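Descriptive structure summary
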Amino acid sequence: MTLKAFSLTHVVYDDENPLEKLLALITLAPIFIVVSYVTLLASKRQIHIAGMFLGQLVNEALNFALKTTIKEPRPLGCGH
């Protein structure tokens, strides 16, 4: 098994398994969503898009706070 990383991120996946590449891309979904929201806000300037973007940012902040508070160790064999 050879682990490969995307060039601009710290997401690693097994290069021999196509499912892992798909799952690695899915883990980057929040970044893609934020870029989409910023693009929509710049072009449409609608309040409900701003609300959805704010909700996404609150969700990311809550996830970060929980992750740093709980500090659960990573599973064995995850490559880290």
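Checked against the element boundaries, Ser-43 lands in helix α2 (residues 29–44). Sequence-wise, Ser-43 and Pro-75 are 32 residues apart; in three dimensions their C-alpha atoms are separated by 42 Å.

The next thing to look at is the packing of α2 against helix α3 (residues 47–70). One can describe the packing of α2 onto α3 by two numbers: an axis separation of 9 Å at closest approach and a directional angle of 155°. When the axes of α2 and α3 are compared, the pair comes out roughly antiparallel. Handedness of the crossing formed by α2 with α3: left-handed. Between α2 and α3, the contacting residues are Pro-30, Ile-33, Val-34, Tyr-37, Val-38, Leu-40, Leu-41 and Lys-44 on the first element and Ile-49, Ala-50, Met-52, Phe-53, Gln-56 and Glu-60 on the second. Across the contact of α2 with α3, the residue classes break down as 11 nonpolar, 1 polar and 2 charged.

This brings us to α3. When the terminal C-alpha atoms of α3 are compared, their 34 Å separation across 24 residues agrees well with the 34 Å that a helix rising 1.5 Å per residue should span. Within the sequence span of α3, burial applies to Ile-49, Phe-53 and Gln-56. Just past α3, the residue Lys-71 takes up positive phi, approximately 55°.

About the thresholds
Residues numbered from 1 in each chain as written. Predicted model: local features only at pLDDT ≥ 70, side-chain atom pairs only at ≥ 80, totals over all residues. Heavy atoms only, no water. Helix = DSSP H or I, 4+ residues; strand = E, 2+ residues; numbered from the N terminus. Axes fitted to C-alpha atoms, helices over the stretch in contact; angles between N-to-C directions. Parallel < 35°, antiparallel > 145°, perpendicular 65-115°, else oblique. Left-handed = near helix turned anticlockwise from the far one by under 90°. Contact = heavy atoms within 4.5 Å. Nonpolar A, V, L, I, M, F, W, Y, C, P; charged D, E, K, R; others polar. Expected span 1.5 Å × (residues − 1). Buried < 20%, exposed > 50% of the residue type's maximum accessible area, 1.4 Å probe, protein only.

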